[in-house]
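# Chain and residue survey
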Amino acid sequence: MGVFDKVKKLLNKNESKQSDADTVENIGQKSDIDKKNSDITSEKQTIKSGIEKTKSSFFGKIARTIAGKSKVDESDLDAIEEILITSDIGVDTTLKIIDKLEQRVAKDKYINVSELNNLLKEEISFLMQDYIQKEINTTTPYVIMVVGVNGVGKTTTIGKLANYFKNQNKKVVLGAADTFRAAAVDQLVLWSERVGVEIIKQDMGSDPASVAFDTIQSAKSNNADIVIIDTAGRLHNNVNLMRELSKIRNVMGKVIKDAPHDVMLVLDASTGQNAIEQAKQFTQATKVDSIALTKLDGTAKGGVVIGISDQFQIPVKYIGVGEGVDDLHKFNKKEFIDSLFS
């Protein structure tokens with residue numbers, strides 16, 4: 001065999017090896033894409049099933065109101081208005097939606113059933129706030145301060161959040177700053193052990209701001225990515241709540257500039273209008289950046305998502321649709337509305 005033939009054979013062999021390597025790599029990439037698509041499909045299905053009760057209540061009532069009709073006129077709008085209000089969307093938000101429908105009916109004298117659904121869908125989408133992620137300084141921990149009354153699932157939400165971030169390979173530190181209630185600290189300790197993240201706590205009755213300070217100092221010195229601080233769910237009055245939360249915020253800002261980066265209000269969807277009242281109280285006491293809405297799967301009052309987002313101009317960031325540690329999902333406005341109308 002000549003030199004040329006030997007070189008040619010060697011090149012062909014190398015090309016064959018490279019082709020095999022490329023094939024293996026492509027298979028691996030396809031597997032990753034398939035897994036990602038599967039996860040997205042699974043999450044969409046979870047959210048869809050999670051709001052099934054709300055959908056059945058909301059659209060079931062509307063469907064019965066317009067059953068057998070090809071047109072919706074002014075006489076039907078009063079019934080639709082009542083349905084929206086009883087779906088816990090809230091009076092103010094309902095009136096905005098009805099006003100748009102009345103404008104259309106006044107113009108065309110009527111709207112057909114498919115147009116009604118499209119108008120409702122468009123107006124709800126317009127009224128709900130989009131969450132815009134803030135720029136994150138990766139050299140310092142991202143700090144989330146969690147607020148909300150006792151019993152809404154605040155501690156559970158913190159545990160699920162910690163799990164969510166840990167699954168993204170983030171180093172998470174929890175701060176047990178609800179020092180007024182022993183059960184709150186104990187529950188958070190259990191969640192930290194379950195998820196496998198660090199927790200900073202002090203004795204019962206300790207200064208919550210001191211706990212927040214220690215937590216952020218520890219997170220900063222240990223190069224943590226995410227800090228989640230729990231806060232007291234019930235103080236004697238709104239003035240005390242405002243004073244306590246302001247004190248905690250000020251301490252955080254001294255350790256890390258602009259902290260907390262996200263003040264997250266946890267609300268229980270099953271309480272309907274009570275959730276709106278709680279949002280009112282907390283927004284008066286402190287700046288709120290985002291909302292986590294729990295227990296959405298167990299209630300027909302999920303319309304409260306729309307009312308809260310509109311009335312307080314605060315985006316819903318997470319929704320809880322189950323008891324499992326993975327049953328906290330990033331809220332997607334489009335998927336939520338599509339699931340309601342599908």
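Scope of this entry: the structure provided in the associated data block.

We now examine the side chain of threonine 157. Its location among the elements puts threonine 157 in helix H6 (residues 154-166). The contacts of threonine 157, once residues within four sequence positions are left out, are Val266, Ala292, Thr294 and Leu328.

Glancing now at the pairing of strand S3 (residues 142-147). When you tally the buried positions in S3, you get 6 out of 6 residues, the bulk of the element. With 4 bridges connecting them, S3 and strand S7 (residues 262-268) associate as parallel partners. Its bridge partner lying in S7, valine 147 is registered against leucine 265.

The 8 strands lie next to each other as S5-S4-S6-S3-S7-S8-S9-S10, forming an open sheet whose pairing is mixed. Every interior strand has two partners, whereas the edge strands, strand S5 (198-200) and strand S10 (328-330), have only one. The sheet shows a mean angle of 25 degrees between the axes of neighbouring strands, direction not considered. Strand contacts of helix H8 (residues 208-221): S3, strand S4 (172-176), S5 and strand S6 (226-230), with the helix running at about 165 degrees to S4, the strand carrying the most contacts. In this fold helix H9 (residues 238-255) packs onto S3, S6 and S7, with an angle of close to 175 degrees to the strand it touches most, S3.

With that out of the way, let us pick up the environment of lysine 61. Looking at where lysine 61 falls in the secondary structure, it is placed in helix H2 (residues 52-65). Spatially, the C-alpha atom of lysine 61 lies 9.4 Å from that of alanine 79, the residues being 18 residues apart in sequence. Once you skip the residues sitting within four places of it in the chain, lysine 61 turns out to touch Ser56, Ile83 and Thr86.

What follows deals with the pattern of salt bridges. Considering all chains together, one arrives at 11 salt bridges under this definition. Among the salt bridges present, the one from aspartate 130 reaches lysine 333, with a minimum N-O distance of 3.2 Å. On the criterion of sequence distance, the pair formed by aspartate 130 in the loop between helix H5 (113-127) and S3 and lysine 333 in helix H12 (residues 333-341) is long-range, its members being 203 residues apart. Given the relative accessible area of 14%, lysine 333 is considered buried. Note that lysine 334 is salt-bridged to aspartate 338, the shortest N-O span being 2.9 Å. With lysine 334 and aspartate 338 both in helix H12 and 4 residues apart, this pair spans about one turn of that helix.

Conventions used here
- Residues numbered from 1 in each chain as written.
- Predicted model: local features only at pLDDT ≥ 70, side-chain atom pairs only at ≥ 80, totals over all residues.
- Heavy atoms only, no water.
- Helix = DSSP H or I, 4+ residues; strand = E, 2+ residues; numbered from the N terminus.
- Contact = heavy atoms within 4.5 Å.
- Buried < 20%, exposed > 50% of the residue type's maximum accessible area, 1.4 Å probe, protein only.
- Pairing = 2+ DSSP bridges.
- Axes fitted to C-alpha atoms, helices over the stretch in contact; angles between N-to-C directions.
- Salt bridge = Lys/Arg side-chain N within 4 Å of Asp/Glu carboxyl O.

Note that every value here comes from positions in space, so none of it alone points to a role or purpose.
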